Amino acid sequence: MMDRLNLEGLRYAQAVAETKSFSAAARAYGVTQPALSNGIAKLEERLGDKLFDRSPRGVTQTAFGARMLPLIERAVVALDAVAAEARRLTEPGEQKIRMGLSPLIGSHLVARAFSMVRDLPVPRDLVLREANMQDLRECLLAGQLDIILIPAVAAMPRFEHRVIDVEPIVVVSPDSGQDAPLELEEAGKEQFILVPDTCGLTTFTTQLFRAYELPLRTYPGEAASYQVLEDWTKLGLGSAMVPRSKLTSPDVPHRPLMNQGREVQISFEAVWSADSPLGADLRHLADSLAAAR
């Protein structure tokens, strides 16, 4: 088997795997079906076995193809990523800042970031991606994001950090007649509805109660969104703890959460790599976000 694989053949095979049709794959690439079939035949010859079986019922993957095609897809995606990153680094006028956001980040911070990238020494476009905390960290590590805005609840020691905002925590409770501040110690007597531990809010909540050695009583289920948290409190299933900006309306009955008379706050931070080719701009952006809080 020859070591060198033809990129065109890899792309053709990926297209057939996606469309389950040689003719549809040929149309997608703007080539004739014989040209595509020939490209795949040469690839199969180099790999040493067939990737697809064709019959009147359609195209199916062989056992060999089922093992090889996921590898081919990853190889094509990786090669495309190399080309995209090269373009990003060698075409300064086209550079963008790829920013990842936890769902917990408020719209005011996003609007502020959009305004500030226009004031950078070289104005840039801001491309946003919202995802859970784990995905954001992995994409930053892989170089697929330039900077992430997340709750400051987990260490990432190899990266630059800047606290860019703090926000009061409020408690939405079944007792809609209550609006007086709630002390953290008293909150230990409440039952809290939590969201899945992906956006950072549940991590913050558990760390807060653990830090003050207070019990955290939780409802056995989980809400999928902040709106559902509010809906479930109205049903009497428990209370909910959220940053104030995540209330669906300022009119939602809520109580400020206090610790010995001081507001309990959650901090948000910008995280980026010091080795990023956009390092100076990312630092400038993070500093500007921090200064404007």
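See the structure above.
Residues numbered from 1 in each chain as written. Predicted model: local features only at pLDDT ≥ 70, side-chain atom pairs only at ≥ 80, totals over all residues. Heavy atoms only, no water.

Q: Can you walk me through the packing of helix 5 (residues 107-117) against helix 10 (residues 279-291) in this structure?
A: Two measures define how a pair of helices packs: the angle their axes make with one another and the distance between the axes. The contact between helix 5 and helix 10 brings their axes to 10 Å, and the two run at 130°. Judged by the angle between their axes, helix 5 and helix 10 are oblique. The handedness of the crossing between helix 5 and helix 10 comes out as right-handed. Residues Leu109, Arg112, Ala113, Met116 and Val117 of helix 5 lie in contact with helix 10, whose contacting residues are Leu285, Ser288 and Leu289. Taken together, the residues that form the contact of helix 5 with helix 10 break down as six nonpolar, one polar and one charged. (Axes fitted to C-alpha atoms, helices over the stretch in contact; angles between N-to-C directions. Helix = DSSP H or I, 4+ residues; strand = E, 2+ residues; numbered from the N terminus. Parallel < 35°, antiparallel > 145°, perpendicular 65-115°, else oblique. Left-handed = near helix turned anticlockwise from the far one by under 90°. Contact = heavy atoms within 4.5 Å. Nonpolar A, V, L, I, M, F, W, Y, C, P; charged D, E, K, R; others polar.)

Q: How should the pairing of strand 8 (residues 191-194) be read in this particular structure?
A: Along any regular strand the residues' side chains alternate between the sheet's two faces. Pairing between strand 8 and strand 9 (residues 217-222): three bridges, direction parallel. Within the sheet, the bridge partner assigned to Gln191 lies in strand 9 and is Arg217. In this view, the connection linking strand 8 to its parallel neighbour strand 9 by way of helix 8 (residues 201-211) has right-handed handedness. (Pairing = 2+ DSSP bridges. Right-handed = clockwise from strand over helix to strand, strands pointing away.)

Q: Which parts of the structure should I look at to understand the pairing of strand 13 (residues 265-272)?
A: Counting buried positions over the eight residues of strand 13 gives six, a clear majority of the element. Examined bridge by bridge, strand 5 (residues 147-151) and strand 13 share five bridges and lie antiparallel to one another. From the neighbouring strand, Leu149 faces strand 13, where its bridge partner is Ala270. Relative to strand 13, strand 6 (residues 160-172) runs antiparallel, the two sharing eight bridges. Note that in strand 13 the partner of Asp165 across the bridge is Phe268. (Buried < 20%, exposed > 50% of the residue type's maximum accessible area, 1.4 Å probe, protein only.)

Q: Explain the packing of helix 1 (residues 7-19) against helix 3 (residues 33-47) here, please?
A: Packing of helix 1 against helix 3 leaves a shortest axis separation of 8 Å and a crossing angle of 110°. Judged by the angle between their axes, helix 1 and helix 3 are roughly perpendicular. Between helix 1, through Gly9, Leu10, Tyr12, Ala13 and Val16, and helix 3, the contact on the second element is made entirely by Ala35, Leu36, Gly39, Ile40 and Leu43. Among the residues making up the contact of helix 1 with helix 3, the classes are represented as eight nonpolar, two polar and no charged.

Q: Can you walk me through the nonpolar core in this structure?
A: Most often, soluble globular proteins keep nonpolar side chains buried together rather than apart. Among the nonpolar cores identified, the biggest contains 63 residues, and Ile97, Met99, Ile148, Leu229 and Leu257 are the most heavily contacted of them. Among all residues touching Leu229, those that are not within four sequence positions of it are Ile193, Leu194, Val195, Ala223, Ala240 and Val242. One finds Tyr12, Ala13, Leu36 and Met68 within the second-largest nonpolar core, a separate group that totals 19 residues. (Core = buried A, V, L, I, M, F, W, Y, C linked by side-chain atoms within 4.5 Å.)

Q: Could you clarify how one ought to interpret the state of the cysteines in this entry?
A: Linking two cysteines covalently via their sulfur atoms produces the bond known as a disulfide. The final tally for this structure, using the stated rule, is zero disulfides. Looking at Cys139, it has no disulfide partner, and the nearest cysteine sulfur is the one in Cys199, 17 Å off. Residue Cys139 is classed as buried on the basis of its relative accessible area, which comes to 7%. (Disulfide = S-S within 2.5 Å.)

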